[in-house]
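Report on the structure
Here's the letter readout for the chains.
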Amino acid sequence: MKIAVLGTGYVGLSTGVCLSEIGHRVTCIDINEQKIQQLNQGISPIYEPGLEKLLASNMEAGRLRFTTSLSEGITGAEIIIIAVGTPQADDGAADLSYLEQAAKDLSPNLVQGSIVVIKSTVPVGTNDSIKKLIESYTGFKIHMISNPEFLRQGSAIQDTMKADRIIIGSENKEMAEKVKAMYRPLDVPVIVTSTRSAEMIKYASNAFLATKISFINEIANLSEAVGADVEDVAKGMGMDKRIGKAFLKAGIGYGGSCFPKDVKALLHTAGQMGMNFGLLKETIAINEFQRELLLKKAVKRFGDLQGKKIAILGLAFKPETDDMREAPSINLAIALSKLGADTVAYDPVATENAKKIMGDTIKYANSIDEAITGADAVFLVTEWDIFKKHNLLAILEKMKQPIIFDGRNCLQEEKIKACRKIEYYPVGKPAIIIG
Ligand code: UDX
């Protein structure tokens, strides 16, 4: 099939690359000239493992190309996928301005009966309103399909090629079948439902995952108070198939471009329907509390952080990405700076993006050693493999005081217990203090 994809962010680009990988002829369109130029040189504007390799091979095979021209990309396309951003507006609602602009821009290139697919995460009812908007520009009927994505950053390719399910929302069964046919080579279970149910499946899934994280984080806080070990608790819970072991890792809370905004957008939709949805309010409140956890522990330990050198290891909102959106590290860095701490951070890939957000609120190191040398404490904020594998004793020796606050419980207990002198403060588990 000839397919057009609007938007080359991590959803649009991953989707376009994977659809070309399964044999479709894909044109990815973006208004950002620089991005399109980079992509045509085979350079991915985002850090996503495995993406550049597929990008190159499918461009080589002539199945994948990039353009800023909507007419070049859309003309002749059997399916047009919209994957532009729907960021959070100030009132918590999803900001649909990019989507509405995309709808306006693509309309002149549509023909009677075009199939337009919205992959962006949009509030329930948006497919209906965008369909009406497009038809007000075209003057003729089009088909609108909801096809939400479930990609995790850092595993977007795998989450596309080996998705758990594909959701297709459409009031027209024949058109749903066409979109289903596009995905057939993936051999993934497909659910066909109404557009509103498809939109709701996306929000309900993300809100549930975020709630599961806040639940285990609150259990972690309670475990710490009663002397239980939240990692053993999570293991014991997760073996129950009805609970499942995924997304039960306690830490300093969820970040990223999806959970925070999607939970607030769903809460906003509930509010518009006159509903309270208190559970989601608590999910958000617990997550806000978790973000401050390491700071609270450090203030309890030191009393005053004025002049203390704090090394933050990890800035990205999670490992295997350079994305800093809603990263817990941002709250910590700003709060530490306000308390007069001398903060230095190291992240293997997210530093440049962090500088755009935090500027010189903190200093940035080029290595773990540079960050931790002379530090009074380490905050482990993102569980990058390199931190887990780094020689812990070497870190402690270079620090002024061997004090580690582990926000992601990513250091191995046996390595900690082998230290001669250490103060180790995890989340939801007893502290380990030796020497
Ligand atoms: C998420 C959803 O997983 C994905 O399906 C959706 O399409 C987009 O949003 P993403 O935000 O990329 O994906 O990352 P994810 O791996 O889900 O982690 C989100 C946040 O939750 C991260 O900050 C991570 O550190 C945190 N997290 C995740 C936990 O704190 N504990 C866990 O057990 C899992």
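Residues numbered from 1 in each chain as written. Predicted model: local features only at pLDDT ≥ 70, side-chain atom pairs only at ≥ 80, totals over all residues. Heavy atoms only, no water.

Right, let's talk about the pattern of salt bridges for a bit. Evaluated as defined, the whole model comprises 24 salt bridges. Across the pair glutamate 135 and lysine 141 runs a salt bridge whose closest N-O atoms are separated by 3.6 Å. Judged by relative accessible area, which is 14%, glutamate 135 ranks as buried. A salt bridge links lysine 180 to glutamate 177; its shortest N-O distance comes to 4.0 Å. Within this pair, lysine 180 and its partner glutamate 177 are both found in helix α8 (residues 173–183), separated by three residues, close to a single helical turn. Here glutamate 177 falls in the partly exposed class, since its relative accessible area comes to 38%. One continuous salt-bridge network, built from bridges that share partners, spans Asp229, Glu231, Glu413, Lys417 and Lys429. (Salt bridge = Lys/Arg side-chain N within 4 Å of Asp/Glu carboxyl O. Buried < 20%, exposed > 50% of the residue type's maximum accessible area, 1.4 Å probe, protein only. Helix = DSSP H or I, 4+ residues; strand = E, 2+ residues; numbered from the N terminus.)

Bringing helix α11 (residues 259–272) into the picture now. In an α-helix, one turn spans 3.6 residues; hence positions three or four apart end up facing the same way. Between the first and last C-alpha of α11 there are 20 Å, a value that for 14 residues agrees with the 20 Å anticipated at 1.5 Å per step. In terms of residue burial, α11 counts as a mostly covered element, since ten of its 14 residues are buried. Within the span of α11, buried status applies to Phe259, Pro260, Lys261, Asp262, Val263, Ala265, Leu266, Leu267, Thr269 and Ala270. Buried residues belonging to α11 abut α9 (195–226) and α12 (278–291). Two residues or fewer past α11, glycine 274 is found with a positive phi of approximately 75°. (Expected span 1.5 Å × (residues − 1). Contact = heavy atoms within 4.5 Å.)

Running from N to C, helix α6 (residues 126–138) and α9 cross one another at 125°; their axes reach a closest spacing of 8 Å. Relative to α9, the element α6 lies oblique. Packed against α6, whose contacting residues are Thr126, Asn127 and Asp128, the element α9 presents Thr195, Arg196 and Glu199 at the interface. Across the contact of α6 with α9, the residue classes tally to no nonpolar, three polar and three charged. (Axes fitted to C-alpha atoms, helices over the stretch in contact; angles between N-to-C directions. Parallel < 35°, antiparallel > 145°, perpendicular 65-115°, else oblique. Nonpolar A, V, L, I, M, F, W, Y, C, P; charged D, E, K, R; others polar.)

Residues in close proximity to the ligand total 19 residues, the closest being Leu151, Gln153, Lys202, Gly255 and Lys318. At 3.3 Å, a backbone N or O of phenylalanine 150 approaches an oxygen atom of the ligand. Measuring from an oxygen atom of the ligand, one finds a backbone N or O atom of glutamine 153 at 2.6 Å. Protein contacts shield 92% of the accessible area of the ligand, which totals 660 Å² for the unbound molecule. By residue number, the principal contributor to the shell around the ligand is α9, which donates three residues. (Near = heavy atom within 4 Å. Polar contact = N/O pair within 3.5 Å; in protein donor to acceptor, adjacent residues only side chain to side chain. Areas by Shrake-Rupley, 256 points an atom, 1.4 Å probe, with all protein chains shown as cover.)

With that settled, the discussion passes to the pairing of strand β9 (residues 309–313). For β9, the buried fraction is high: five of the five residues fall into the buried class. The alternating pattern of β9 places Lys309, Ala311 and Leu313 and Ile310 and Ile312 on opposite faces, both of which are buried. With five bridges joining them, β9 and strand β10 (residues 342–346) adopt parallel strand pairing. Paired with isoleucine 312 across the two strands is alanine 345, which belongs to β10. In this view, the connection linking β9 to its parallel neighbour β10 by way of helix α14 (residues 328–338) has right-handed handedness. (Pairing = 2+ DSSP bridges. Right-handed = clockwise from strand over helix to strand, strands pointing away.)

Next up on the list: unusual backbone geometry. Positive phi values are uncommon outside glycine, yet glutamate 320 reaches one of about 65°. Assignment of secondary structure puts glutamate 320 in the loop between β9 and α14. Its identity as a non-glycine residue notwithstanding, glutamate 326 has a phi of 55°, on the positive side. Along the chain, glutamate 326 falls in the loop between β9 and α14.

Counting 65 residues, the largest nonpolar core has Leu313, Leu315, Met358, Phe379, Ile404 and Phe405 as its most contacted members. Summarising the domain contributions, this core has at least three residues from each of domain 2 (202–289) and domain 3 (292–434). Setting aside its immediate chain neighbours within four residues, phenylalanine 405 contacts Leu294, Lys297, Ala298, Arg301, Phe302, Ala377, Val378, Phe379, Leu380 and Tyr425. Core analysis: the second largest hydrophobic core is formed by 38 residues, Cys18, Leu55, Ile81 and Ala176 among them. (Core = buried A, V, L, I, M, F, W, Y, C linked by side-chain atoms within 4.5 Å. Domains from an automatic or database assignment.)

Attention now goes to the sheet that holds β9. Strands sit in the order β11-β10-β9-β12-β13-β14-β15 across an open sheet of seven strands; the sheet is mixed. The open sheet terminates on both sides in strands that have one partner only, identified here as β11 (363–364) and β15 (432–434). Sheet topology places β10 next to β11; two bridges connect them, and they run parallel. Looking at β11, one finds that alanine 345 is bridged to tyrosine 364.

As a further point, take the packing of helix α5 (residues 97–106) against α6. Packing of α5 against α6 leaves a shortest axis separation of 9 Å and a crossing angle of 35°. By crossing handedness, the relation of α5 to α6 is classed as right-handed. Counting all contacts with α5, which are made through Leu99, Glu100, Ala103, Lys104 and Leu106, the residues of α6 involved are Thr126, Ile130, Leu133, Ile134 and Tyr137. Considering only residue class, the contact of α5 with α6 consists of seven nonpolar, one polar and two charged. (Left-handed = near helix turned anticlockwise from the far one by under 90°.)

This next bit is on helix α13 (residues 293–302). Those residues of α13 that fall on the buried side of the exposure criterion are Leu293, Leu294, Leu295, Lys297, Ala298 and Phe302. Along its buried surface, α13 packs onto α9, α12, α14, β12 (377–380) and β13 (403–406). Where α13 ends, the next residue or the one after it, glycine 303, has phi of about 80°, a positive value.

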